[in-house]
Amino acid sequence: MTTKKDTKRHDGRKANDLRPMEAKLGVVPNASGSAMFKIGKTIAVAAVRGPRKLHPKFLQDPERGKLRCFYNMVSFSGSGDRVRPGPSRRTKEINLVMENALAPTLNLDNYPGCGIDVYVNLIQTDAGTRCAAITAAAMALAEAGFEMKDMVAAVAAGSVNGQVVADLDKTEEDVEDAVDIPIAMMPNENKITLLQLDGKIKKEALKEAIELAKDACKQINEVQRKAIVEKYEVK
Amino acid sequence: MAKIIKEHIHELLSKGLRQDGRGLLEYRKNISVEYGISPKSAEGSARVKIGETEVVAGVKMGIGVPYPDQLDKGTIMVGVELSPIAGDRFESGPPSVESIEIARVVDRGIRESGALDFKKLCIKEGEMVWQVFLDIYPINDDGNLMDACSLAALAAMKDTKLPEFDKKTGLVNYEKKTKDSLPLSDEPLELTVYKINNEFLLDASIEEEKNMDSRLTVAFLKDGTICALQKGGNKEISAEDVVSMLDIANDNVKYLRKAL
């Protein structure tokens with residue numbers, strides 16, 4: 001697989017260009033913390049509930065808190081058909097990988113017996129939804145005031161028509177032989193907390209995609225940081 | 001108790017040792033694949049044993065309507081049922097997150113590899129396609145179910161012969177199998193590398209799985225092309241870790257392939 005670095009993408013972006021982003025904290029005032037993250041046409045709204053006593057009781061861990069994520073594509077958010085509400089196998093897997101992506105940054109030992117629940121609604125989607133959900137969730141956790149080792153920012157890197165690119169949209173994801181690689185990173189620690197891949201790729205291209213994602217996550221983190229500063233800056 | 005085991009595992013690993021005496025990157029020796037374990041009823045089936053870990057998988061073929069966005073393609077559905085038969089920690093009831101993850105990762109390895117030619121599973125565009133129902137049942141969990149399930153899935157698909165299908169009536173005659181196999185052009189197979197306390201290891205035991213920091217499951221085609229990845233576990237890894245884990249997986253997947 002050769003990498004065509006300078007080929008323009010269908011929407012005119014360069015390989016490492018992300019779609020326009022917006023981020024805002026406190027969008028759900030009665031939650032412990034909340035945030036909106038928008039990348040291109042994908043919009044995620046996250047709210048944190050807790051830490052609170054976890055019920056039913058058998059779910060409680062006496063030694064540490066339990067982070068639970070609830071990813072939810074609202075019924076009108078898909079391209080094409082109405083999304084059937086309720087948890088699918090896909091949703092349950094995304095919940096799991098989101099928990100794994102966010103847990104490394106939290107000190108769950110501080111909340112024995114408690115549940116920290118992160119609810120994310122996708123209002124509109126154009127690919128990269130689990131990544132947008134993680135990015136929004138991390139900001140919501142920050143607003144909730146949790147002790148965090150680092151932020152978490154996520155992006156879908158991949159390869160489209162043999163070109164390694166960052167932040168695929170739906171058009172690119174649907175291209176025959178496109179490779180989708182959702183990656184979440186702790187941008188300052190430079191550590192990966194989510195890594196999945198769908199599609200055929202050679203090792204060298206994969207390494208290139210990870211490097212691209214590192215850089216993309218730093219850019220996304222900059223947007224996260226600005227949103228947090230904006231909320232708490234004394235004017 | 002759990003703490004003592006964890007410390008014990010860490011201590012052993014730091015010396016390059018494991019509880020059962022294997023080396024860190026040493027897969028269990030006794031791997032077996034048995035084909036056609038349910039030849040009367042299933043279109044394809046297999047039993048995989050990796051040490052004491054045992055998994056059975058079977059394929060049933062059905063006829064159905066294609067997905068609206070893939071009118072000329074057949075479908076596949078992979079299921080994994082972790083029932084109490086396989087171990088104390090499993091409960092009956094709706095599929096657990098763990099079983100969904102295994103099923104979806106195995107599914108992804110097959111689907112994204114392009115090894116199964118879904119177009120050849122189309123009978124009449126937009127109306128009638130073959131559906132592949134691939135169900136995997138762990139019988140005894142002694143660690144590393146992910147790899148065992150992937151191996152069993154591939155073996156069951158390789159064992160599959162399509163049943164006779166009458167185009168006019170639209171009925172399948174399950175009594176009669178044809179000579180046609182599934183349109184498999186390659187053999188996607190997954191291998192998992194576990195990371196515990198900064199050491200990499202393969203083919204984890206139950207205790208090692210419980211105490212892992214993270215794992216990376218990699219699906220490979222025969223020529224070494226990567227076709228799916230899944231990071232598991234709730235600890236972070238570095239990009240260098242990923243590269244090392246890919247290399248370890250690539251070096252060892254051949255060993256697992258030999259069992260087929």
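Residues numbered from 1 in each chain as written. Chains lettered and ligands numbered in written order. Predicted model: local features only at pLDDT ≥ 70, side-chain atom pairs only at ≥ 80, totals over all residues. Heavy atoms only, no water.

Q: Lay out the overall build of chain B in plain terms, naming residues and giving numbers.
A: Scanning chain B from N- to C-terminus turns up five helices and twelve strands. Taken across its 260 residues, chain B has 54% of its residues classed as buried. Considering only intrachain contacts with a sequence separation of at least 6, the fraction spanning at least 24 residues in chain B is 67%. Accessible area for chain B stands at about 11,600 Å²; split by element, carbon and sulfur atoms hold 50% of it. One way to put it: in chain B the 35 positive side-chain charges average out to a point 4 Å from where the 44 negative ones average out. (Helix = DSSP H or I, 4+ residues; strand = E, 2+ residues; numbered from the N terminus. Buried < 20%, exposed > 50% of the residue type's maximum accessible area, 1.4 Å probe, protein only. Contact = heavy atoms within 4.5 Å. Areas by Shrake-Rupley, 256 points an atom, 1.4 Å probe, with all protein chains shown as cover. Lys, Arg positive; Asp, Glu negative; His and termini not counted. Charge placed at Lys NZ, Arg CZ, Asp CG, Glu CD.)

Q: Can you tell me about the side chain of A:Q60, naming the residues and giving the values?
A: Residue and element names in this part refer to chain A. Following the sequence through the fold, Q60 ends up in the loop between β3 (42-53) and β4 (66-73). A distance of 2.7 Å separates a polar side-chain atom of Q60 from the backbone oxygen of L54. Residue contacts for Q60: discarding those within four places in its chain leaves K53, L54 and G113. (Polar contact = N/O pair within 3.5 Å; in protein donor to acceptor, adjacent residues only side chain to side chain.)

Q: Could you give me a rundown of the sheet that holds β4(A), with the residues and numbers involved?
A: Residue and element names in this part refer to chain A. Taken in spatial order, the five strands make up an open sheet running β1-β2-β3-β5-β4, and their pairing is mixed. Each edge of the open sheet is held by one strand with a lone partner, namely β1 (21-25) and β4. Ignoring which end each strand starts from, the neighbouring axes of this sheet average 15 degrees apart. As paired elements, β1 and strand β2 (residues 33-39) share five bridges and run antiparallel to each other. Of the residues in β2, the one forming a bridge with M21 is I39. (Pairing = 2+ DSSP bridges. Axes fitted to C-alpha atoms, helices over the stretch in contact; angles between N-to-C directions.)

Q: Run through the interface of chain A and chain B, naming residues and quoting values.
A: Each partner contributes to the interface: chain A provides 31 residues, whereas chain B provides 35 residues. Around 2,800 Å² of area is buried between chain A and chain B when both sides are counted, 58% of it from carbon and sulfur atoms. On the surface where chain A and chain B come into contact, there are six salt bridges. B:R108 serves as the salt-bridge partner of A:E93, at 2.6 Å between the closest nitrogen and oxygen. Taken together, the links from chain A to chain B amount to 15 residue pairs in polar contact (both at pLDDT 80 or more). At the level of secondary structure, the elements contributing two or more residues to the side of chain A that touches chain B comprise α1 (89-102), β9 (191-201) and α4 (203-232) of chain A. Per-element accounting of the side of chain A that touches chain B gives the leading share, eleven residues, to β9(A). Here the residues of the side of chain A that touches chain B sort into twelve nonpolar, five polar and 14 charged. With four bridges connecting them, β9(A) and strand β12 (residues 226-232) of chain B associate as antiparallel partners. For A:Q196, the partnering residue across the bridge sits in β12(B) and is B:Q230. (Buried area = accessible area lost by both parts, 1.4 Å probe. Salt bridge = Lys/Arg side-chain N within 4 Å of Asp/Glu carboxyl O. Nonpolar A, V, L, I, M, F, W, Y, C, P; charged D, E, K, R; others polar.)

Q: Account for the packing of helix α2 (residues 129-143) of chain A against α4(A), with residues named and values stated.
A: Residue and element names in this part refer to chain A. The interhelical angle for the contact between α2 and α4, taken along N-to-C directions, is 30 degrees, at an axis separation of 11 Å. The angle between α2 and α4 places the two elements in the roughly parallel class. Read as a crossing pair, α2 and α4 show a hand that is right-handed. On α4, the residues that touch T135, A138, M139, A142 and E143 of α2 are I220, Q224, A227, I228, K231 and Y232. (Parallel < 35°, antiparallel > 145°, perpendicular 65-115°, else oblique. Left-handed = near helix turned anticlockwise from the far one by under 90°.)

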